[in-house]
Amino acid sequence: MPVRKHAASATGKRVPALDGIRAFAVVAVLLYHLEIGRLPGGFLGVDVFFVLSGFLIGGLLLAELRSTGRVDLVAFWLRRGRRLLPALLLLLAVLTCYTATRPPQARLPLREDILSALAYVANWHFVIEGRSYFAEFQPASPMRHLWSLAIEEQFYLVLPLLLLGLCLLAPRLRRPAGASLLAAGIVASVLVQALTYREADPSRAYYGTDARLHELLVGVALAWLYRRAAGRADGRLGERLRPAAPYLAGAGLLALLAMIATVDDRAPFYYRGGSLLVSAATGLLVAGVAAAPRRGVVARALSTPAVAGLGRISYGLYLWHWPVIAIVTAESVPLSGATLVAVQVLSCLAVSVASYLLVERPVRRGAVGPFRLTPGRFFPAALASVLLIACATAAASWGAPPEPEYVRQRDGLTVDHDADPARPVIGLIGDSIAVSLQSALSQEASRRGLTLVSAARPGCGAGSSLLLDETGHPFAIAPVCAERTPRLQEQLVARFRPRLVIWHSARDRTDIRVGSRVVKAGTAEWLGRRLADWDATLDRLSRTGARVAVVLPAWSARASKRTGCGGEFNFDPPSCGLATISTEHLRRLYRRWAASHPGRVTLVDLAELACPGGIPCPERLSGVRLRDDDVHFSPEGARLLAPSLLDRILGPAAAARLPAGPGLPLRRSLRPTAGAGPPSPDALQSPMARTDARCLPAGGESGSRCESGTGPPR
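Source: prediction; values computed, not measured.

J.: Sorry if this is basic, but what is going on with the overall build of the protein chain here?
T.: Of regular secondary structure, the protein chain possesses 23 helices and 13 strands. Relative to its 714 residues, the protein chain shows a buried fraction of 54%. Intrachain contacts of the protein chain at a sequence separation of at least 6 include 75% that bridge at least 24 residues.

J.: I would appreciate a short explanation of the pairing of strand E11 (residues 601-605) in the present structure.
T.: Each regular strand shows side chains that alternate between the opposite faces of the sheet. With five of five residues buried, E11 lies mostly within the body of the structure. Side chains of E11 alternate between two faces, with Val601, Leu603 and Asp605 and Thr602 and Val604 buried alike. Across five bridges, strand E10 (residues 547-552) lies against E11 in parallel orientation. Bridged to Val548 within E11 is Val601.

J.: What's the story with unusual backbone geometry in this structure? I'm lost.
T.: With the exception of glycine, most residues fall at negative phi, and the peptide bonds are largely trans. Omega for the bond connecting Ile615 with Pro616 falls within 30 degrees of zero, at -5°, which places this linkage in the cis form. Relative to the elements of secondary structure, Pro616 occurs in the loop between helix H22 (607-610) and strand E12 (620-621). You will see that Tyr120, though not glycine, has its phi angle at about 55°, which is positive. Tracing the backbone through its elements, the reader meets Tyr120 in the loop between helix H4 (104-118) and helix H5 (122-129). Here Arg497, not a glycine, exhibits a phi torsion of approximately 45°, which is positive. By secondary structure assignment, the location of Arg497 is in the loop between helix H18 (478-496) and strand E7 (500-504).

J.: Would you mind going over the sheet that holds strand E6 (residues 466-467) with me for this structure?
T.: The antiparallel open sheet is built from three strands, whose spatial order is E6-E8-E9. Edge positions in the sheet fall to E6 and strand E9 (517-519), since each of these pairs with one other strand and no more.

J.: How should I be thinking about the nonpolar core in this particular structure?
T.: One recurring pattern in soluble globular proteins: nonpolar side chains tend to sit buried together. Among the nonpolar cores identified, the biggest contains 98 residues, and Leu18, Ile21, Phe55, Leu285, Val289 and Leu319 are the most heavily contacted of them. It is helix H2 (residues 44-68) that provides the largest number of residues to this core, a total of 13 residues. Val453, Leu541, Ala610 and Leu626 belong to the second largest nonpolar core, which has 75 residues in total.

J.: Would you mind going over the sheet that holds strand E4 (residues 425-430) with me for this structure?
T.: Two orientations exist for strands paired in a sheet by backbone hydrogen bonds: parallel and antiparallel. Strand order in this open sheet of six strands is E3-E5-E4-E7-E10-E11, and the pairing throughout is mixed. Sheet topology places strand E3 (414-415) and E11 at the edges, where each strand pairs with a single neighbour. Where E4 meets strand E5 (residues 451-454), four bridges bridge the pair, whose relative direction is parallel. Note that in E5 the partner of Val425 across the bridge is Thr451. The strands touched by H18 are E3, E4 and E5; relative to E4, the strand with the most contacts, the crossing angle is about 175°.

J.: Any chance you could explain the state of the cysteines here in plain terms?
T.: One covalent bond between the sulfur atoms of two cysteine residues makes up a disulfide. Applying the stated criterion across every chain yields a total of two disulfides. Paired by a disulfide, Cys460 and Cys481 hold their sulfur atoms 1.9 Å apart. Because the torsion about its S-S bond is -75°, the bridge between Cys460 and Cys481 counts as left-handed. A residue pair is termed long-range when its members are at least 10 positions apart, and Cys460 in the loop between E5 and E6 and Cys481 in helix H18 qualify at 21 residues. By relative accessible area, which is 5% here, Cys481 ends up buried. One disulfide in the model links Cys611 with Cys617; its S-S distance is 2.0 Å.

J.: Hey, could you run me through the packing of aromatic side chains in this one?
T.: Two measures describe an aromatic ring pair: the distance that separates the ring centres and the angle between the ring planes. Tallied over the full model, the rule gives 19 aromatic pairs. Aromatic pair Phe43 and Tyr206: ring centres 6.1 Å apart, planes at 50°, arrangement tilted. One end of the pair, Phe43, is in the loop between helix H1 (16-34) and H2; the other, Tyr206, is in helix H8 (residues 203-207), and 163 residues separate them in sequence. Here Phe43 matches Tyr206 in class, with each residue buried. For the pair Phe50 and Trp147, a centre-to-centre distance of 6.1 Å together with 75° between the ring planes defines the contact as edge-to-face.

J.: How do you make sense of the packing of H4 against H5 when you look at a structure like this?
T.: Each pair of packed helices gets described by two things: the angle between the helix axes and the distance between those axes. Contact geometry of H4 with H5 gives a least axis separation of 7 Å together with a crossing angle of 140°. It follows from the interaxial angle that H4 and H5 lie oblique. Contact residues: Glu112, Asp113, Ser116 and Ala117 in H4; Ala122, His125 and Phe126 in H5. Looking at side-chain class alone, the contact of H4 with H5 contains three nonpolar, two polar and two charged residues.

J.: I keep staring at the environment of Gly59 and nothing clicks. Help me out?
T.: Inspection of the secondary structure puts Gly59 in helix H2. A C-alpha to C-alpha distance of 7.2 Å links Gly59 and Val220, two positions 161 residues apart in sequence.

J.: What exactly am I supposed to notice about the pattern of salt bridges here?
T.: If the charged atoms of two oppositely charged side chains come close together, the side chains can form a pair. On inspection of all chains with the given rule, the structure shows 24 salt bridges. Asp19 serves as the salt-bridge partner of Arg312, at 3.9 Å between the closest nitrogen and oxygen. Of the two residues, Arg312 is situated in helix H13 (residues 305-312) and Asp19 in helix H1; the sequence distance between them amounts to 293 residues. One salt bridge connects Glu215 with Arg212, and the closest N-O pair in it is separated by 3.2 Å. Pair noted here: Glu215 and Arg212 are both in helix H9 (residues 209-232), with a separation of three residues, about one helical turn. Several salt bridges converge on common partners, so that one network encompasses Glu584, Arg587, Arg588, Arg591 and Asp605.

J.: In this structure, what is going on with helix H11 (residues 268-291)? I would like to understand it.
T.: Along an α-helix, residues three or four positions apart point the same way, because every turn accommodates 3.6 residues. Between its terminal C-alpha atoms H11 stretches 34 Å, which fits the 34 Å expected from 24 residues at 1.5 Å a residue. At Gly274, H11 shows its largest kink, close to 70°.

J.: What exactly am I supposed to notice about the confidence of the model for the protein chain here?
T.: Fine structural detail should not be taken from predicted coordinates in areas where pLDDT scores are low. Of all residues in the protein chain, 85% attain a pLDDT of 70 or more, and the chain-wide mean is 83. Counting contacts from residues 2-6, a segment whose pLDDT is below 50, to residues more than four positions away or on other chains yields 30 contacts. Across residues 653-714, confidence stays below pLDDT 50; counting only partners more than four residues off in sequence or on other chains, it has 122 contacts.

J.: Please clarify how the pairing of E5 should be interpreted in this entry.
T.: Burial of E5 is two-sided: the residues Thr451 and Val453 facing one way and the residues Leu452 and Ser454 facing the other way are all buried. Across two bridges, the pairing between E3 and E5 is antiparallel. Residue Val415 lies in a different strand from E5, and its bridge partner there is Val453. Assessed by its sense of winding, the connection that carries the chain from E4 through helix H17 (residues 432-447) to E5 is right-handed.

How each quantity is defined
Residues numbered from 1 in each chain as written. Predicted model: local features only at pLDDT ≥ 70, side-chain atom pairs only at ≥ 80, totals over all residues. Heavy atoms only, no water. Helix = DSSP H or I, 4+ residues; strand = E, 2+ residues; numbered from the N terminus. Buried < 20%, exposed > 50% of the residue type's maximum accessible area, 1.4 Å probe, protein only. Contact = heavy atoms within 4.5 Å. Pairing = 2+ DSSP bridges. Core = buried A, V, L, I, M, F, W, Y, C linked by side-chain atoms within 4.5 Å. Axes fitted to C-alpha atoms, helices over the stretch in contact; angles between N-to-C directions. Disulfide = S-S within 2.5 Å. Phe/Tyr/Trp six-rings, centres within 6.5 Å; stacked < 30°, edge-to-face > 60°. Parallel < 35°, antiparallel > 145°, perpendicular 65-115°, else oblique. Nonpolar A, V, L, I, M, F, W, Y, C, P; charged D, E, K, R; others polar. Salt bridge = Lys/Arg side-chain N within 4 Å of Asp/Glu carboxyl O. Expected span 1.5 Å × (residues − 1). Bend = angle between axes of the 7 residues up to and from the residue. pLDDT = per-residue confidence, 0-100. Right-handed = clockwise from strand over helix to strand, strands pointing away.

If you want it as structure tokens, here you go:
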């Protein structure tokens with residue numbers, strides 16, 4: 001995170017080229033977030049900021065210690081507050097207003113993000129949150145980038161205290177004690193990052209303060225070495241180093257450019273020593289520029305007015321760039337492609353310049369118009385602003401619903417608390433869409449004298465394949481799913497011996513990993529492995545004679561309107577650069593697989609209920625909003641569909657083949673047909689309340705009723 005300071009801390013005078021390094025770093029981050037060009041390592045701009053901040057702040061504190069023998073903590077924190085708080089508070093005030101305009105289900109995550117940013121603990125908030133499965137189906141948080149600001153503020157809070165303690169332990173900073181402690185801190189932080197790294201979810205290693213501390217400490221160590229060398233040369237850097245400075249800067253810049261062009265933010269290299277190499281390269285660049293600010297091509301290029309000027313507004317540019325990119329999207333404005341990118345970039349620059357001229361610079365100078373910001377006024381004003389934003393955020397998100405059930409992770413099988421285990425059991429397996437239907441299906445099953453036990457889990461598929469995201473890395477929950485899904489299915493069968501298992505999984509459409517290889521979705525090898533995985537799942541579920549009803553996923557409302565690569569009917573994901581096959585591709589694959597298991601698998605088409613008029617699918621049916629996020633069914637939508645869906649599952653396609661047992665209200669055995677349609681009114685005689693599958697009940701009550709204007713599903 002670019003903390004804008006006068007680039008003069010370790011050198012004793014302003015160095016425009018250090019502002020230029022800020023500009024280089026913020027442009028790298030901006031390009032990374034805009035996804036312009038092949039720059040997978042653009043996120044390393046944050047590492048550059050950390051090293052530079054450690055150098056500048058460390059230099060200021062060391063200079064104060066040498067000249068006065070102490071650190072004025074109040075004055076130091078006042079300077080940091082004046083330079084950082086005003087722009088941040090303005091941003092959070094704007095985002096609080098934005099939160100009030102969002103749908104209710106999106107307000108709670110935004111409230112948590114704002115409050116954690118206000119407390120400068122956003123990085124730990126994101127560690128706890130991890131790469132949330134819920135985040136896959138929500139717009140990107142406009143405050144996701146504030147984790148780096150939190151780390152810097154935590155560093156600013158602790159560093160002066162550590163230096164004071166170091167002075168007590170080693171009064172002369174040139175003694176080995178200081179160097180030994182810095183080296184130990186760097187090594188410890190690098191080890192923490194390596195040990196906490198997990199490819200599927202690197203949040204702990206990426207956001208943790210302790211895992212990032214080495215980058216800041218490299219900057220502090222550089223400032224310590226710089227001042228030590230300057231002291232030995234009577235206030236001037238040794239003449240032997242000065243001629244080499246341009247080469248140091250050039251080597252550091254080239255190394256950074258190479259890593260920005262190649263390093264993956266989730267690959268092991270970065271977390272197992274790569275970040276230390278980035279810090280070292282940044283140290284070379286900073287050292288070369290600080291030693292010879294006007295020597296060499298690199299220093300002169302970074303010192304040009306345009307580049308240095310961009311560096312001076314880099315703090316505001318960093319603060320505002322990500323909210324602009326996250327909010328101004330092709331979905332929110334009628335723009336796309338290069339035009340959208342141009343609008344985003346120009347908006348970022350305009351807001352950043354305005355923030356610098358109207359807020360940051362006046363507050364830093366101690367006055368906003370006629371109002372003087374003395375220390376006695378600044379801290380109360382800052383505290384009042386923080387409390388006001390916190391209260392406004394709470395008000396803006398008041399009444400926001402809790403996190404939906406379909407993203408909550410649980411370890412074991414799920415049974416409704418009022419379910420009767422003595423009743424015949426039906427099982428449920430699959431993904432988060434199955435979980436979004438789970439409660440409504442369980443209630444409907446209970447009304448029919450059955451108990452539903454669920455082994456479905458958010459983010460998981462139906463089998464044990466390791467599922468990959470669009471970057472070629474496992475989803476956050478994927479390793480757990482690959483191990484836990486078969487185990488839960490075995491527990492379901494062994495403990496409850498279900499008569500029927502309902503299977504819904506639209507998650508089984510992604511790239512998978514086999515060994516160290518990525519197997520692309522839709523390829524011949526992927527198809528063979530996918531069918532084999534389903535075969536193994538079927539064997540587990542039917543081990544005690546259970547029948548399996550596979551629910552074909554329904555097309556989503558928005559995606560069913562698209563054509564080409566982003567639509568539901570694309571059958572060539574590799575040519576589109578996609579990591580998943582489309583819904584229709586998956587549906588046809590299920591049909592092909594079910595046909596190879598006659599008598600064991602039946603198909604029930606959810607699209608006939610959710611999309612009764614065909615493509616495109618409606619967003620509302622019988623006046624009810626079907627889905628929360630174009631993927632998961634809303635509670636109201638699930639209650640609308642559950643009676644008819646369970647009718648079809650318990651109809652001639654599946655239920656007639658259930659073994660007869662006490663309490664199972666089925667009287668007539670019908671010949672099963674894979675993919676059979678809805679039962680006729682006379683096909684199933686049962687004492688249970690029956691809903692005509694051709695009509696969708698308006699609620700969960702017994703009986704059937706068609707809303708005016710709602711025809712039968714087709």
